[in-house]
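# Analysis of the macromolecular model
The residues making up each chain are set out below.
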Amino acid sequence: MSEPRPQRAAVTGIGVVAPNGSSTESFWKSTKEGISVLDRVTREGCEHLPLRVAGQVRDFDPAAAIEERFLVQTDRFTHFAMAAADLALDDARLPRSVTDEVPFSVGVVTAAGSGGGEFGQRELQQLWGKGSRFVGPYQSIAWFYAASTGQISIRRGFKGPCSVVAADEAGGLDALAHAARAVRRGTDVIVAGATEAPIAPYSMVCQLGYTELSTVDDPTVAYRPFTSAACGFVPAEGGAMVVVEAEGTARERGAPVRAHLAGHAATFTGASRWEESREGLAQAVRGALAEAGCAPEEIDVVFADALGVPEADRAEALAIADALGAHGTRVPVTAPKTGIGRGYCAAPLMDTAAAVLSMEHGLIPPTPNVFDICHDLDLVTGRARTAEVRTALVLSRGLTGSNSALVLRHGATDASS
C-alpha cells in the first residue's frame, strides 16, 4: 500500500500593512502603479540622524485594529503583525470559531530582524531617567524578536506549532518555508510572515553601522538598485502575513487557493561578501527549483532582492543568469521595494504578497525610481507590464550572509502537477 502524498502548502489569505497602503488592496494599487512613497524621515527623535530617507507607514492606527490590553504589551512591529494577521485570516475566510473547535491545528511562524526597538528604548529611558520602578513589566517580552509569534497565537487562541525564524533578512522567506513544511507534516493552518518597525531613534542608530545603508537625502535617488547611481538601500517598516494551509483542508471548506509555496532553499555566504553571494544565491535558486519540480524556463517573473550596492547588484544579476541559464537574461525582473524601502525580514514577505497578486492579475509591477539599468537584466521599469504569470521566483539576501529563494505557483495550477 503506497503512502499518501503530502499535502501541498497553499496560500489562502494575505494581509499587508506597508508604507504604500495599510491593506492588501491599497498596497497592490500603489505597487502596480509604481508609486514611490519614500520620503524624509519624520519620526520624533530621528531628525538629527544621517539616515534621511525611509519608507514609513503613515496611515495605520493601531488602536483601531488592536485591543488596548494587547497594545500596551507590544511594540509597533507586533502591532503591524497582529493587524496583518487579522487581514490575512479574514481574507482566507477562516472563521474565528476554528480556535474553539480545533485550536491545535493552527500555528504561527514569524521572522524579525531586530524586534521591538521603540518599546525597548522607551523603557530603558524610563530606567535611566527615573529608576527601575518606572519600567513596565512588558519590557521583558515586547522587545523580543519572537513577540509577534507569541502575541498572535495568544490573541487568537492558536495552539498549534509556533516558532520564530532568526535568519537575517532572508528569514522572511525561511518563515514561509517553515510554514509549508509544518503543513506537509500534518498541521492544517499556519499563519506566517514578517513585520519590522526600524524607524525609531535607537533602531536607526543601530542601522548606521551597515555600510550598505543609503544616507542620501533625496527620496528620488536614495535607493536605485541595478543602476550606475546605486548608493545603498533605504529601510522600511511594515510587512505582511499570509495564511498557509494544507490544500485539501482549504478546498474542503471552499477557500480559494491563491498560490502554492512550491519550493524553497537557503544558503549562507557570510556578512557583506557580496561577490560570494552570487554563488550562494544561485545555489538557493537551484534548490528551490528542484524542490518545486520547476524548470528554469518556467519562471515568469523574478522579484529581486535589489540591495542597491553595486557589488551586490552585480552578484544578483549574475546569480539569476547562473541559475536560470539563458532564460535569466530574458525573464522579467522587478523590485517594487524601491518605492517603499527595503524592510529587512518584511521585505521578501511584501514581495511574496506582490508576487501572488501579480499572478492573479496578470500584471508585473514596475521598479520605481529606476530607469538606467547597467546590468544584463530585463528589469520592469516605468509602468507595469501585462504578462501571464504562472510561476514566480522571490529572492532575498541578508546583510550578514543569508540567501533564500522561494518558488510560487499560481493557485489555479493543476493539483496533479
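Parameters at a glance
- Counting restarts for each chain, with residues numbered from 1 along the sequence as it is written.
- Local features in a predicted model are, by the rule used here, given only for residues with pLDDT of at least 70; side-chain atom pairs are given and counted only at 80 or more, and totals for whole chains, interfaces and linings are based on all residues.
- Only hydrogens and water are set aside; all other atoms, that is, all heavy atoms of the structure, feed into the side-chain values.
- UniProt positions are given in the numbering used here, feature names are shortened, and annotations may be inferred rather than shown by experiment.
- Helix numbering and strand numbering both begin at the N terminus, where a helix is a DSSP run of H or I of at least 4 residues and a strand a DSSP run of E of at least 2.
- Here the globule rule reads 2.2 Å times residues to the power 0.38, and the radius of gyration is calculated from C-alpha atoms.
- Here the term buried applies to any residue with accessible area under 20% of the maximum for its type, exposed to any over 50%, and partly exposed to those in between, with areas from a 1.4 Å probe on protein chains only.
- It only takes one pair of heavy atoms within 4.5 Å for two residues to be counted as in contact.
- The accessible surface values rely on the Shrake-Rupley method and a 1.4 Å probe; as for residues, cover is taken only from the protein chains in view.
- Charge convention: Lys and Arg are scored as positive, Asp and Glu as negative, and His as well as the terminal groups of each chain are ignored.
- In this description, the location of a charge corresponds to atom NZ of lysine, CZ of arginine, CG of aspartate or CD of glutamate.
- What counts as a ring pair is set by centres within 6.5 Å for rings of Phe, Tyr and Trp (its six-membered ring), and what kind of pair is set by the plane angle: stacked under 30 degrees, edge-to-face over 60, tilted for all other angles.
- We call a charge positioned over a ring when the NZ of a Lys or the CZ of an Arg lies within 6 Å of the ring centre and within 35 degrees of the ring normal.
- Segmentation of the chain into domains, including their bounds, is taken from an automatic or database domain assignment.
- By definition, the buried area sums, over both parts, the 1.4 Å-probe accessible area that each loses when the two are put together.
- By salt bridge we mean one thing: a side-chain nitrogen of Lys or Arg within 4 Å of a carboxyl oxygen of Asp or Glu.
- Here a polar contact means two N or O atoms within 3.5 Å. Within protein one must be a hydrogen donor candidate and the other an acceptor candidate, and residues neighboring in sequence count only if both atoms are side-chain atoms.
- Here the term charged refers only to Asp, Glu, Lys and Arg, the term nonpolar to Ala, Val, Leu, Ile, Met, Phe, Trp, Tyr, Cys and Pro, and the term polar to all other amino acids, Gly among them.
- Think of each axis as a best-fit line through the C-alpha atoms, taken over the contacting stretch in the case of a helix, with angles from 0 to 180 degrees between the N-to-C directions.
- To sort the angles, those under 35 degrees are grouped as roughly parallel, those over 145 as roughly antiparallel, those from 65 to 115 as roughly perpendicular, and the leftovers as oblique.
- Handedness of each helix crossing follows the sense of rotation of the near helix against the far helix: counterclockwise by less than a right angle gives left-handed, clockwise gives right-handed.
- Lining residues are those with an atom within 4 Å of a point, where the points come from a 1 Å grid over the protein atoms alone and group into cavities, where a 1.4 Å probe fits but cannot get out, or pockets, open sets with protein on both sides within 12 Å along at least five of seven lines.
- Grid points are joined across faces, edges and corners, and a volume is the space filled by probe spheres set on the points.

In the nomenclature of an unreviewed UniProt entry, the protein is known as Minimal PKS chain-length factor (CLF/KS beta) of Streptomyces paradoxus. Recorded under Sequence similarities (unreviewed entry), the UniProt text for the protein is reproduced unchanged: "Belongs to the thiolase-like superfamily. Beta-ketoacyl-ACP synthases family."

### As for the overall build of the protein
Helix and strand counts for the protein come out as 14 helices and 15 strands. Relative to a compact globule of 417 residues, whose C-alpha radius of gyration would be 22 Å, the protein shows 20 Å and is just as compact. Considered along the principal axes of its C-alpha atoms, the protein spans approximately 65 × 55 × 35 Å. Classification of the 417 residues of the protein by burial places 61% in the buried group. Intrachain contacts of the protein at a sequence separation of at least 6 include 79% that bridge at least 24 residues. Carbon and sulfur atoms form 52% of the exposed surface of the protein, whose accessible area is close to 16,000 Å². Of note, the protein has its 37 positive side-chain charges centred 2 Å away from the centre of its 49 negative side-chain charges.

### Here we look at the packing of aromatic side chains
As enumerated under the stated definition, the model contains five aromatic pairs in all. Taking the centre distance of 4.7 Å and the plane angle of 55° together, the rings of Phe144 and Tyr145 count as tilted. Looking at Phe144, the relative accessible area reads 34%, which means it is partly exposed. Ring pairs connect the aromatic residues Trp143, Phe144 and Tyr145, which therefore count as one cluster. Positioned above the aromatic ring of Phe233 is the side chain of Arg342, whose terminal nitrogen or guanidinium carbon lies 5.5 Å from the ring centre.

### Concerning the domain arrangement of the protein
Under the domain assignment, the protein is made up of domain 1 (9-253) and domain 2 (261-410). Placing the centre of domain 1 and that of domain 2 at their C-alpha centroids yields a distance of 21 Å. With 62 residues of domain 1 at the contact, the number on the domain 2 side is 64 residues. Summing the contributions of domain 1 and of domain 2, the shared interface buries around 4,900 Å²; its carbon and sulfur component is 68%. Counting across the interface, domain 1 meets domain 2 through three salt bridges. We note a salt bridge from Asp372 to Arg224, for which the minimum N-O separation is 2.6 Å. Where domain 1 touches domain 2, the interface holds 23 residue pairs in polar contact (both at pLDDT 80 or more). Where the side of domain 1 that touches domain 2 is concerned, the elements lending two or more residues are β1 (9-17), α1 (24-32), α9 (171-184), β6 (189-196) and β7 (238-246). Here the side of domain 1 that touches domain 2 takes eight residues from α9, the largest share from any one element. By residue class, the composition of the side of domain 1 that touches domain 2 is 35 nonpolar, 17 polar and 10 charged.

### Comments concerning the packing of helix α4 (residues 76-91) against helix α8 (residues 147-156)
A pair of packed helices is captured by two measures, namely the crossing angle of their axes and the spacing between those axes. At a closest axis distance of 9 Å, the pairing of α4 and α8 adopts a crossing angle of 45°. Viewed along their axes, α4 and α8 adopt a mutual orientation that is oblique. For the element pair α4 and α8, the recorded crossing hand is right-handed. Each of Phe77, Thr78, Ala81, Met82, Ala85, Asp86 and Leu89 in α4 lies in contact with α8, whose residues at this interface are Ala147, Ser148, Gln151, Ile152, Arg155 and Arg156. Here the contact of α4 with α8 is composed, by residue class, of seven nonpolar, three polar and three charged.

### Focus on empty space enclosed by the protein
Taken as a whole, this structure holds three cavities of 30 Å³ or more when the rule is applied. Taken as a whole, the largest cavity holds about 60 Å³ of empty space. Mapped by element, the contributors of at least two residues to the lining of the largest cavity are α1 and α14 (346-361). Here the lining of the largest cavity is built from residues that sort into six nonpolar, two polar and two charged. Each of two domains, domain 1 (9-253) and domain 2 (261-410), supplies a minimum of three residues to the lining of the largest cavity. Size it by volume and the second largest cavity reaches roughly 40 Å³. In terms of lining, the second largest cavity is formed by Leu176, Ala177, Ala180, Arg181, Arg184, Leu261, Gly263, His264, Glu291 and Leu406. Listed by contribution, the elements that provide at least two residues to the lining of the second largest cavity are α9 and β8 (259-268). Broken down by element, the lining of the second largest cavity gets its largest block of residues, five residues, from α9. Here the residues of the lining of the second largest cavity are counted per class, giving five nonpolar, two polar and three charged. Of the domains in this structure, domain 1 (9-253) and domain 2 (261-410) are the two that each give at least three residues to the lining of the second largest cavity.

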